[in-house]
Amino acid sequence: MKFIIQRDTLISSVQDVMKAVSPRTAIPILTGIKLVAKQHGITLTGSDSDISIESYIPAESDGIVYVEDIEEGSIVLQARYFPDIIRKLPEKTVEIHVDDQLKVTIRSGNAEYNLNGLDAEEYPQLPQVNTDDSFDMPIDLLKGMIKQTVFAVSTMETRPILTGVNISLENGELHFTATDSHRLASRKLPISSTSLSFSNIVVPGKSLNELNKILNDNEETVEISVTNNQILFRTKHLNFLSRLLDGTYPETSRLIPEQSKTTIKAHTKNLIHTIDRASLLAREESGNIVRLATKGGELLEITSNSPEIGQVTEDLNVHAIDGEELKISFNSKYMLDALRAIDAEDVRIEFTGAMRPFIIRPENGEAILQLILPVRTY
Amino acid sequence: MQNKLTPSKRRIIFHIDMNCFYASVEMAYNPSLKGKPLAIAGNPEERKGIIVTSSYEARAKGVKTTMTVWQARKLCPELIIMRPNFNRYRAASREIFKMLAEITPFIQPVSIDEGYMDVTDVIQDATAIQIAQKLQQDILNQLDLPCSIGIAPNKFLAKMASDMQKPLGLTILRKRDIQRKLWPLQVEEMYGVGEKTAQKLHTIQVETIGDLANKDVYTLKQLLGINGERLQNRANGIDLRPVDPEAIHEFKSIGSSQTLPRDTTDEIEIRQLMHLLTENVERRMKRKKAAGKSVQLMIRYHDRQTITRSKKLQTYIDTKEEILLIANDLWQTHWNGEPIRLLGITVQEVEEKALIGKQLDIFTYENEAKKEGLYSTIQSLSEKYGKNPFQSFQQEQDTDQPHTSFQKDFLDDYKK
């Protein structure tokens, strides 16, 4: 195997697949990166068996040559050394050569590394995902949906299913839901281009976080394919494959209150800043508690109090307060996460009582929903 | 705050120690007991009936705390033995701390019958000795209770001083007196040195407080860890702890334990005891308006071997049912089937409810929401009439007797 490749292109591919490589893995060869050279291009693969990432570098694209002098073959290289070596090589191009004994020579300018490779035949086959049943969506919208939901997944292993985002596609509507049982984030998006339908597809939150990091905003669409235990996200040069979580995601739609007793309409940024200021005095050990009270007219009072530190009170003018008076306590971190996820100038918050979940939505729109369970103070 | 920020300033600390407190209170209630040998015992009928405290007349006959009733009677056949009346002691204690609070707000109750006060800032009009004399006389005249007062530049020395003269002692222990008054004492007599620590100290030829003061600090740290250095500092009269009026609020655990009338493997009996203990814990948590995040079970077997096992929880709990569930879980897991002598249940990582709140859960919040009407009614009434009007109810219930002198829950009552 042999090829000469543009170093910058190789660096960014290596960085992408490294997102899936874990130094601790049950299968030792997965601590390496697999390289496969074909006449049409080079494919790099990294995997921790939960997430697998393939990055493809075409030999030539749009008249630009990325890879030359290709002799086909494959090899696995130690992920602990390979990325740093490539990053620090002196010239713009890198030559990689592998002999029959799996000895790898990496050459750039006057620098030459001789490394021991591993047999690519030993590298596990990635699960095959049938891409016939798939749908396309713009990458920026997918990234948006991830960012608006994934923060709400549970970090506790007590209910493993809640560590994932529940994805469904029904009646041309894609729906992401995440909850750690104290708050819930939900985002819907119409997908017109498909008649595909699935539900209870639970993707680990960690996978979606990594996916969000490696998807470039400048690429156009991503193709998504789902099987019963894998989900594949495919862009022009990238395959991102994730295991799904086993089990049934709890029914959450009925948990969302349908009527409200108190409705507040507020400027999102102002509300974020006020709660952020109040949360400075909320102790994390006691649940970051901040209190909100309606004060008549269009005035909200936001307070926080830690006896050993002190207290803070701030009045906030909002656009409207309708319905019953309200006093409610909540975890300010959940509130800030939710408000920041709502990409809108103004928000509408609907309360049904101090002991019941409340809902935050953009002022005009139903696509995003953030739900928070309050804190019952004694 | 001032006394916390200026530890370098010379301070004047009192340690007030009530003399034979329970016996003295009984004598104040019933003056005919005065001058007679009197002992207060946990339970005169059962074997756990041990002497809790006794009057000086009984002590003169050799009666000592922790003796069994039977042993005490043998030494002093005319001994009068009474069951404890904790409510009387609490009431007396409350009055005492009120009197201290009239002198300075910097008072720190330590237990039902002792406390510290920092009088540094109140000695303009009178000397420390005059204040102490007046306080001692006032407590004696108004409550008919004797106390000893130690006067010193810090808490440790004040505590040692109050111990030097009883009853009705008034002892000043200055730093320059340490070598003469403190160092000759056996190390066992030093506050903070228990039986175990004393034994360890003897192995490195530390017999007196003076030996401890002059021992090389490295050896002490090897033997006792950080506490070795702390004890040596105290032996040299150094103790920077401020008198902290809030210290009594810093409860980290709330527990209850009880010895069985006899060693048993009878699970019904043990289960009943667990119910009783968790009830005690629940009541005391309610009184403190607290909830905890960890439950500890202590089992003492017939051979005195004692184990403690605990379980950490995700959320705060405060009800008998919740505590019992965890305690029983621990019991099922860790009891080895041998007869047990004592059982203890403690809730740890305790916080005031006002500070924690309970994060509701989307799958279970309905349980709380059902009570919402009740909570909001309480809240609106509280706003109308000031403090939660239902809290006084809880206080009324409190006439039930505390079971040991270690319960300090009421010690901040003097502020009310």
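Residues numbered from 1 in each chain as written. Chains lettered and ligands numbered in written order. Predicted model: local features only at pLDDT ≥ 70, side-chain atom pairs only at ≥ 80, totals over all residues. Heavy atoms only, no water.

Draft legend 1. Geometry of the overall build of chain A. Along the backbone of chain A there are six helices and 29 strands. Summarising the internal contacts of chain A: among those between residues at least 6 apart in sequence, 65% fall at separations of at least 24. Carbon and sulfur atoms provide 43% of the accessible area of chain A, an area that totals close to 17800 Å². (Helix = DSSP H or I, 4+ residues; strand = E, 2+ residues; numbered from the N terminus. Contact = heavy atoms within 4.5 Å. Areas by Shrake-Rupley, 256 points an atom, 1.4 Å probe, with all protein chains shown as cover.)

Draft legend 2. Main features of a positive patch on the surface. Residue and element names in this part refer to chain B. A contiguous patch of positive charge, built from R10, R174, K175 and R176, is present on the exposed surface. Tracing the backbone through its elements, the reader meets R10 in the loop between α1 (2-5) and β1 (13-18). The exposed category is assigned to R10, whose relative accessible area is 63%. (Patch = residues over 30% accessible without salt bridge, like charges linked within 9 Å, V, L, I, M, F, W, Y side chains within 5 Å. Salt bridge = Lys/Arg side-chain N within 4 Å of Asp/Glu carboxyl O. Lys, Arg positive; Asp, Glu negative; His and termini not counted. Charge placed at Lys NZ, Arg CZ, Asp CG, Glu CD. Buried < 20%, exposed > 50% of the residue type's maximum accessible area, 1.4 Å probe, protein only.)

Draft legend 3. Representation of the sheet that holds strand β11 (residues 111-116) of chain A within the structure. Residues and elements named next belong to chain A. The antiparallel open sheet is built from five strands, whose spatial order is β7-β1-β9-β10-β11. Both edges of this open sheet fall to β7 (67-71) and β11, since each of them pairs with a single strand only. Neighbour to neighbour, the strand axes of the sheet diverge by 15° on average, direction disregarded. When strand β9 (residues 93-98) meets strand β10 (residues 103-108), the two strands line up antiparallel, connected through four bridges. Each residue of the ladder has a partner; that of E95, found in β10, is R107. Contacts from helix α1 (residues 7-18) reach β1 (2-6) and β9, with the element oriented near 95° to β1. (Pairing = 2+ DSSP bridges. Axes fitted to C-alpha atoms, helices over the stretch in contact; angles between N-to-C directions.)

Draft legend 4. Seen up close, the interface of chain A and chain B. Taken together, the contact pairs 31 residues of chain A with 23 residues of chain B. At the boundary of chain A with chain B, the tally comes to one salt bridge. With a shortest N-O distance of 3.5 Å, E366(B) and R356(A) are connected by a salt bridge. Remark: the boundary between chain A and chain B carries four residue pairs in polar contact (both at pLDDT 80 or more). When residues of the side of chain A that touches chain B are traced back to their parent elements, those giving at least two are β21 (289-294), β25 (327-331) and β29 (375-376) of chain A. The class makeup of the residues in the side of chain A that touches chain B is 16 nonpolar, eight polar and seven charged. (Polar contact = N/O pair within 3.5 Å; in protein donor to acceptor, adjacent residues only side chain to side chain. Nonpolar A, V, L, I, M, F, W, Y, C, P; charged D, E, K, R; others polar.)

Draft legend 5. Representation of the packing of aromatic side chains. Residues and elements named next belong to chain B. Summed over all chains, the structure comprises 10 aromatic pairs over all chains. Aromatic pair W331 and W335: ring centres 4.5 Å apart, planes at 15°, arrangement stacked. In this structure W331 comes out as buried when scored by relative accessible area, which is 2%. The buried category is assigned to W335, whose relative accessible area is 18%. Within the aromatic cluster, the residues linked to one another by ring pairs are F21, Y22, F86 and Y89. Residue placement shows R88 over the ring face of Y29; its charged tip is 4.2 Å from the ring centre. If you follow K159 out to its NZ or CZ, it ends over the ring of Y191, 4.6 Å from the centre. (Phe/Tyr/Trp six-rings, centres within 6.5 Å; stacked < 30°, edge-to-face > 60°. Lys NZ or Arg CZ within 6 Å of the ring centre and 35° of its normal.)

Draft legend 6. Layout of a negative patch on the surface. Residues and elements named next belong to chain B. On the surface, E188, E189, E195, E207 and D211 cluster together into a patch of negative charge. Tracing the backbone shows D211 in helix α10 (residues 209-214). For D211, a relative accessible area of 31% gives the class partly exposed.

Draft legend 7. Highlighting the nonpolar core. Residue and element names in this part refer to chain A. Counting residues in hydrophobic clusters, the biggest one holds 66 residues, and the most contacted among them are F3, L35, F82, M137, L142 and L174. Viewed by domain, this core spans two of them, domain 1 (2-122) and domain 2 (134-243), each represented by three or more residues. Each residue touching L35, except ones within four places of it in the same chain, is listed here: M1, F3, T43, L44, G73, S74, I75, L77, F82 and I96. I275, A282, A338 and V347 belong to the second largest nonpolar core, which has 31 residues in total. (Core = buried A, V, L, I, M, F, W, Y, C linked by side-chain atoms within 4.5 Å. Domains from an automatic or database assignment.)

Draft legend 8. Broad picture of the environment of P28(A). Looking at the secondary structure, you find P28(A) in the loop between α1 and β2 (32-38). Along the sequence, P28(A) and Y123(A) sit 95 residues apart, while their C-alpha atoms lie 9.6 Å from each other.

Draft legend 9. Region of interest: the pattern of salt bridges. Applying the stated rule across the entire model yields 37 salt bridges over all chains. Here R234(A) makes a salt bridge to E223(A), at a shortest N to O gap of 3.2 Å. Residue R234(A) is located in strand β18 (residues 230-234), and its partner E223(A) is located in strand β17 (residues 221-226); the two are separated by 11 residues in the primary sequence. With relative accessibility at 32%, the residue R234(A) sits in the partly exposed group. Of the charged contacts in the structure, one is a salt bridge between E26(B) and R88(B), with a shortest N-O distance of 2.8 Å. In this pair, E26(B) sits in helix α2 (residues 21-29) while R88(B) sits in helix α5 (residues 86-103), placing the two residues 62 residues apart along the sequence.

Draft legend 10. Summary view of the pairing of strand β10 (residues 290-301) of chain B. Residue and element names in this part refer to chain B. Counting buried positions along β10 yields nine of 12 residues, so the element is predominantly enclosed. Across two bridges, the pairing between β10 and strand β13 (residues 351-352) is antiparallel. Note that in β13 the partner of A290 across the bridge is E352.

Draft legend 11. Quick look at the packing of helix α13 (residues 267-288) of chain B against helix α14 (residues 320-334) of chain B. All names here are of chain B. Across the interface, α13 lies against α14 with an axial gap of 9 Å and an inter-helix angle of 140°. Accordingly, the angle class assigned to the pair α13 and α14 is oblique. The two elements α13 and α14 cross, and the hand of that crossing is right-handed. Of the residues in α14, those touching α13 at E267, I270, R271, M274, H275, T278, E279, V281 and E282 are K320, I323, L324, A327, N328, W331 and Q332. Looking at the contact of α13 with α14 residue by residue, the class counts come to seven nonpolar, four polar and five charged. (Parallel < 35°, antiparallel > 145°, perpendicular 65-115°, else oblique. Left-handed = near helix turned anticlockwise from the far one by under 90°.)

Draft legend 12. Main features of α2(B). Residue and element names in this part refer to chain B. Within α2, seven of the nine residues are buried, which leaves it mostly tucked inside the rest of the structure. Taken together, the buried positions of α2 are occupied by F21, Y22, A23, S24, V25, E26 and M27. Looking at the packing, one finds that the buried side of α2 touches β1, β2 (38-41), β3 (51-54), α3 (56-60), β4 (80-82) and α5.

Draft legend 13. View of the side chain of T263(A). All names here are of chain A. By the element assignment, T263 lies in strand β20 (residues 262-267). For T263, a relative accessible area of 14% puts it in the buried group. A polar contact of 3.0 Å, which involves the side chain of T263, links it to the side chain of S260. Beyond its immediate sequence surroundings of up to four residues, T263 is in contact with A320, I321, D322, R348, I349 and E350.

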